[in-house]
Amino acid sequence: MVSAKAFFQEALSCLTEIERQEMDKIGRVAEVTAQSILDDGIVHVFGSGHSSMPAREIHIRAGSLSNVEAIGLDRIIGKFERIEGIAQVLLGSYDLRAGEVLIVISNSGINALPIEMAMEGNRLGLFTVAVTSMQHSSQVKSRHSSAKRLFEVTDEVIDTHVPYGDASLDVAGFPFKVGPLSTLAGVAITNAIVVETVGQIVARGGTPPVRISRNMPGGDEHNEQFKLMYGSRIRDLLGGI
């Protein structure tokens, strides 16, 4: 019988593989991110559908960086992920600058929108990062006219080590697997990038713009400074989130 315990084992195995095989890549991404932040840059992150959750995870939350801009988090964005031409229009509403970092999260890495997000980021001179399942993406064809998948158009690729199809567990007597892992893996990777980036900024003598919980004493006062620092570029900061 399939069990919750089996799911935890699969989840731990996935996270272990990320730690074992992706740390060098996470370190390289953090190195670029740290320097960009020291140069007054912000961090851009995009995901569509369930891949938007790892983007939301590091967007204006306690213990993370206050200068992370999550792109296109509206629920409707998932309806457009297979349509070409959307990325350039969407990014026209955001302030992306050369030398900054753009993290694009897509488990399959085959839909037009995340692929074009990375392509547009490249065109604008950003350092682009794919967070994707290589096991899945390497087995399927791109839905973009270039025939390229996300991992083929970014400066760096971090593998989520999520199985083909996302779900991780077979169910005896039932044809479909259960227990998807992509959100868990994506959240772990984006947080790992943030943590490593903070460490590198501090090691270089800088002060990372880390926010604290507004539900603890002094939280609102501490976080107020980031409205002044980044509010002109990250509008959600001005909304009191």
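In case you missed it, the structure is sitting above this.
S.K.: Can you help me understand the overall build of the protein chain in this one?
M.R.: Scanning the protein chain from N- to C-terminus turns up seven helices and seven strands. Seen in sequence order, the protein chain has helices and strands lined up from the N terminus as α-β-α-β-α-β-α-β-α-β-β-β-α-α. Against the globule reference of 18 Å for 241 residues, the protein chain gives a C-alpha radius of gyration of 18 Å, in line with a compact fold. Counting only C-alpha atoms and orienting by the principal axes, one finds that the protein chain spans roughly 55 × 40 × 35 Å. When contacts within the protein chain are restricted to residue pairs at least 6 apart in sequence, those whose partners lie at least 24 apart make up 77%. Separation between the mean location of the 22 positive side-chain charges and that of the 28 negative ones in the protein chain comes to 5 Å.

S.K.: Please explain the layout of surface pockets as it appears in this structure.
M.R.: Empty space among the atoms becomes visible once a probe the size of a water molecule is rolled across them. Quantified by volume, the largest pocket comes out at close to 310 Å³. What lines the largest pocket is a set of 17 residues, among which Ser 48, His 50, Ser 51, Asn 107 and Ser 108 lie closest to the centre. The residue inventory of the lining of the largest pocket, partitioned by class, reads three nonpolar, 12 polar and two charged.

S.K.: I keep staring at empty space enclosed by the protein and nothing clicks. Help me out?
M.R.: This model, assessed by the stated rule, comprises two cavities of 30 Å³ or more. Within this model, the largest cavity holds a volume of roughly 60 Å³. Lining the largest cavity are His 50, Ser 51, Pro 54, Ile 105, Ser 106, Asn 107, Val 131, Thr 160, Ser 182, Thr 183 and Gly 186. Per-element accounting of the lining of the largest cavity gives the leading share, three residues, to helix 6 (residues 182-203). Its residues placed into classes, the lining of the largest cavity shows three nonpolar, eight polar and no charged. Taken as a whole, the second largest cavity spans an internal volume of roughly 40 Å³. As for the second largest cavity, its lining consists of Thr 33, Val 43, Ile 58, Leu 65, Val 68, Ile 103, Thr 190, Ile 193, Val 194 and Thr 197. Of the residues forming the lining of the second largest cavity, the biggest block, four residues, is contributed by helix 6.

S.K.: Is there a simple way to explain the pattern of salt bridges in this structure?
M.R.: A pair can form between side chains of opposite charge whenever their charged atoms are brought close. The tally for this structure, following the rule as stated, stands at 10 salt bridges. Glu 22 is the salt-bridge partner of Lys 25, the closest N and O atoms lying 3.5 Å from each other. Of this pair, Lys 25 and Glu 22 both sit in helix 1 (residues 4-38), three residues apart, roughly one helical turn. Here Arg 233 and Glu 100 are joined by a salt bridge, their closest N and O atoms 2.8 Å apart. Taken together, the residues Arg 233 in the segment after helix 7 (219-230) and Glu 100 in the loop between helix 3 (86-91) and strand 3 (101-105) connect sequence positions 133 residues apart. Neither Arg 233 nor Glu 100 differs from the other in exposure class; each is buried.

S.K.: Explanation requested: the sheet that holds strand 3 in the structure shown.
M.R.: Strand pairing in a sheet takes place through backbone hydrogen bonds and is either antiparallel or parallel in direction. Spatial ordering of the open sheet is given by 2-1-3-4-5, a layout of five strands whose pairing is parallel. Strands with a single pairing partner mark the edges of an open sheet, and in this sheet they are strand 2 (68-71) and strand 5 (156-159). Neighbour to neighbour, the strand axes of the sheet diverge by 20° on average, direction disregarded. Where strand 1 (residues 43-47) lies against strand 2, four bridges are found, and the strand directions are parallel. Across the sheet, Val 45 pairs through a bridge with Ala 70, a residue of strand 2.

About the thresholds
- Residues numbered from 1 in each chain as written.
- Predicted model: local features only at pLDDT ≥ 70, side-chain atom pairs only at ≥ 80, totals over all residues.
- Heavy atoms only, no water.
- Helix = DSSP H or I, 4+ residues; strand = E, 2+ residues; numbered from the N terminus.
- Rg over C-alpha atoms; globule rule 2.2 N^0.38 Å.
- Contact = heavy atoms within 4.5 Å.
- Lys, Arg positive; Asp, Glu negative; His and termini not counted.
- Charge placed at Lys NZ, Arg CZ, Asp CG, Glu CD.
- 1 Å grid on protein atoms, 1.4 Å probe; cavity = no way out; pocket = protein on both sides within 12 Å on 5 of 7 lines; lining within 4 Å.
- Points joined across faces, edges and corners; volume = space filled by probe spheres on them.
- Nonpolar A, V, L, I, M, F, W, Y, C, P; charged D, E, K, R; others polar.
- Salt bridge = Lys/Arg side-chain N within 4 Å of Asp/Glu carboxyl O.
- Buried < 20%, exposed > 50% of the residue type's maximum accessible area, 1.4 Å probe, protein only.
- Pairing = 2+ DSSP bridges.
- Axes fitted to C-alpha atoms, helices over the stretch in contact; angles between N-to-C directions.

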